[in-house]
Amino acid sequence: AAKAAGGDRFVFYTRDMTDRAETRLRLESGLREAVAARSFELVYQPKIEAASGRLTGFEALIRWRHDGAAVSPADFIPVAEDTGLIIEIGRWVLEEACRTATRWALDHGPVPVAVNVSARQLADPGFARLVEQVLQRHGTPAHLLELEITETVIMKDVRHHLPTLNRLRALGVRIAIDDFGTGYSSLAYLRQLPVDVLKIDRSFVNDLPHAPDIASTVIALAQRLLLSTVAEGVETAEQRHWLAEAGCDCLQGYLISRPLAAEAAEAMVMTAFARNEALALTA
Ligand code: C2E
Ligand code: MG
Ligand code: MG
Ligand code: MG
């Protein structure tokens, strides 16, 4: 019986693996075409100050429609990483986000835009130079660019990434640790890292207000290290209330707004400045 089951399974897995390999190949060739045709888009999700509700910035998130359907970045970014296509995609994201931040600053007022940086991009020896060139090319003040790097990526090889992070910081770019709390941070390293922001991972925000231990700990740690905190994935009024009370600096999530197309985000920037509801930049 075991043998028969094993036989069945073998057939099942083989077909499954073939399907997956096909899906993967289709994704890969689609990505190559998309890179060549620049057929990606950025959407922008606002962040607000928890205490006042003022607009503090946006996170740029990539979108890709392939064969008429939206493909989640959670699915295609790993493929882009494996194939090295992330280098070109990442450069496009950086250019587009800087172009947008500059235009908003000129037309409405200065609003920081955060960009996600993947492992392979950060490991690229030319990354800091690329960021510098892109800022120059678009006339973007460095303090309007924030780079989000996940905790796992930074901590996996801190010593290797440290020179790049220091160079980026020296440019005046802000650095955020994304998905904080999901990885394994060495507290000793965290103290030495040139970072400005800890983004509390959505999974811990999701636990609020019932299981607040991790969120509390991250906020206390950030306060101790003079870092600012952003809560990701805020979906309910209860979460928002808890985070504001606990002293979390900024909030991001569907409760505040879904990620917006560039035009809708710009309208939000315009309104915020018109009503004096954008946070004055200190840098
Ligand atoms: P992330 O950087 O942690 O981005 C936050 C993700 O949470 C986004 O998903 C956002 O749309 C989603 N989100 C925001 N608020 C809520 C909420 O209240 N509830 C829920 N359930 N989700 C919320 P998205 O856009 O699908 O991106 C997924 C991940 O893909 C990102 O996680 C980031 O790691 C990666 N990614 C996105 N854009 C880029 C990019 O331009 N470059 C790179 N390297 N990675 C990117
Ligand atoms: Mg992010
Ligand atoms: Mg995140
Ligand atoms: Mg996250």
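Right above here is the structure, for reference.
Just so we're clear, the structure is a prediction, and the values are computed from it rather than from any experiment.

A. Structural context of the side chain of Gln45. Examined against the element boundaries, Gln45 turns out to sit in strand E1 (residues 40–49). Contact partners of Gln45, with chain neighbours within four places excluded, come to Gly57, Phe58, Glu59, Leu61, Gln252, Gly253, Tyr254, Ser257, Arg258, Pro259 and Leu260.

B. Highlighting unusual backbone geometry. With omega at 0°, the peptide bond leading from Leu208 into Pro209 counts as cis. For Pro209, the position within the fold is in the loop between helix H9 (202–206) and helix H10 (213–224). Notably, Leu226 is not glycine yet its phi reads approximately 60°, a positive angle. Tracing the chain through its elements places Leu226 in the loop between H10 and strand E8 (228–231). Under the relative-accessibility criterion, Leu226 is labelled exposed at 76%. In this structure, Asn276 is a non-glycine residue whose phi angle is positive, near 60°.

C. View of the site of ligand 1. Ligand 1 sits among 22 residues. The nearest are Arg63, Asn116, Asp178, Glu235 and Tyr254. Between an oxygen atom of ligand 1 and a side-chain N or O atom of Asp178, the distance comes to 2.9 Å. Taking Tyr254, its main chain carries an N or O atom lying 2.8 Å from an oxygen atom of ligand 1. Surface burial for ligand 1 is 83%, taken as the share of its 800 Å² of free accessible area covered by protein chains. Mapped by element, the contributors of at least two residues to the shell around ligand 1 are strand E2 (55–66), helix H2 (73–83) and strand E6 (174–180).

Cut-off values and rules
Residues numbered from 1 in each chain as written. Chains lettered and ligands numbered in written order. Predicted model: local features only at pLDDT ≥ 70, side-chain atom pairs only at ≥ 80, totals over all residues. Heavy atoms only, no water. Helix = DSSP H or I, 4+ residues; strand = E, 2+ residues; numbered from the N terminus. Contact = heavy atoms within 4.5 Å. Buried < 20%, exposed > 50% of the residue type's maximum accessible area, 1.4 Å probe, protein only. Near = heavy atom within 4 Å. Polar contact = N/O pair within 3.5 Å; in protein donor to acceptor, adjacent residues only side chain to side chain. Areas by Shrake-Rupley, 256 points an atom, 1.4 Å probe, with all protein chains shown as cover.

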